[in-house]
Amino acid sequence: MRKNRNTSKLRLPGTWYYWLIGAIMGFLWYGSIILYSVSTVKLGVLGTSIGWPLFLASIVVASTVFGVLTGEWKRTGTRPIQTMILGVSFLVVAIAVLSYAGRAQVALDGVVPQ
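Treat the numbers as computed from the prediction; the structure is a model and nothing was measured. (Residues numbered from 1 in each chain as written. Predicted model: local features only at pLDDT ≥ 70, side-chain atom pairs only at ≥ 80, totals over all residues. Heavy atoms only, no water.)

(A) Up close: the confidence of the model for the chain. Counting all residues, the mean pLDDT for the chain is 85, and 90% of those residues have values of 70 or more. By mean pLDDT, helix α3 (residues 78-109) is the weakest element of the chain at 83, and helix α1 (residues 16-42) is the strongest at 90. (pLDDT = per-residue confidence, 0-100. Helix = DSSP H or I, 4+ residues; strand = E, 2+ residues; numbered from the N terminus.)

(B) Broad picture of the side chain of threonine 15. The topology assignment puts threonine 15 in the segment before α1. For threonine 15, a relative accessible area of 16% corresponds to the buried category. Of the polar contacts made by the side chain of threonine 15, one reaches the backbone oxygen of leucine 10; its length is 3.1 Å. When residues no more than four places from it in sequence are discounted, the contact partners of threonine 15 are Lys9 and Leu10. (Buried < 20%, exposed > 50% of the residue type's maximum accessible area, 1.4 Å probe, protein only. Polar contact = N/O pair within 3.5 Å; in protein donor to acceptor, adjacent residues only side chain to side chain. Contact = heavy atoms within 4.5 Å.)

(C) Summary view of the packing of α1 against helix α2 (residues 47-69). At a closest axis distance of 9 Å, the pairing of α1 and α2 adopts a crossing angle of 150°. As the angle between them shows, α1 and α2 are arranged roughly antiparallel. For the pair α1 and α2, the sense of crossing is right-handed. Residue-level inspection shows Trp29, Ser32, Ile33, Tyr36 and Thr40 of α1 in contact with α2, the latter providing Gly47, Thr48, Gly51, Trp52, Phe55 and Ile59. Of the residues that constitute the contact of α1 with α2, the class distribution is six nonpolar, five polar and no charged. (Axes fitted to C-alpha atoms, helices over the stretch in contact; angles between N-to-C directions. Parallel < 35°, antiparallel > 145°, perpendicular 65-115°, else oblique. Left-handed = near helix turned anticlockwise from the far one by under 90°. Nonpolar A, V, L, I, M, F, W, Y, C, P; charged D, E, K, R; others polar.)

(D) α2, seen in detail. Under the 1.5 Å per step criterion, the end-to-end length of α2 is 32 Å for 23 residues, consistent within 8% with the ideal 33 Å. Of the residues making up α2, those classed as buried are Gly47, Ile50, Gly51, Leu54, Phe55, Ala57, Val61, Thr64 and Gly67. In the stretch just after α2, glycine 71 is the one whose phi turns positive, near 90°. (Expected span 1.5 Å × (residues − 1).)

(E) Region of interest: α1. Compared with the 39 Å implied by 1.5 Å per residue over 27 residues, the 39 Å span of α1 between its first and last C-alpha is a close match. Of all the positions in α1, only Ser32, Tyr36 and Thr40 are classed as buried. Its buried side turned inward, α1 meets α2. Of the residues flanking the end of α1, it is glycine 44, one or two places downstream, whose phi is positive at about 90°.

Set out below in structure tokens:
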């Protein structure tokens, strides 16, 4: 930005919104990492093994839902939307399988996560 001398565009009127949205996104990302780390402890022995895929799948599902709600998928055609729905469906099934695996491990160990 220094080379092209366009750093002054960061201070243009109306850019406060982008700074605010960027700060909110950073806060939410940091908060989600903290919640992930707390939840891995609560998930027990398989916390990191189950927690990380659940965390990433939840991010993709949530961002896809917000993308649909904000109109990001408008005018893309039916094929990309079908692919997106199929992918999100696989992620939801994966979340269900991982949740079941966590419960099954608790049943095998007889140890309830705290």
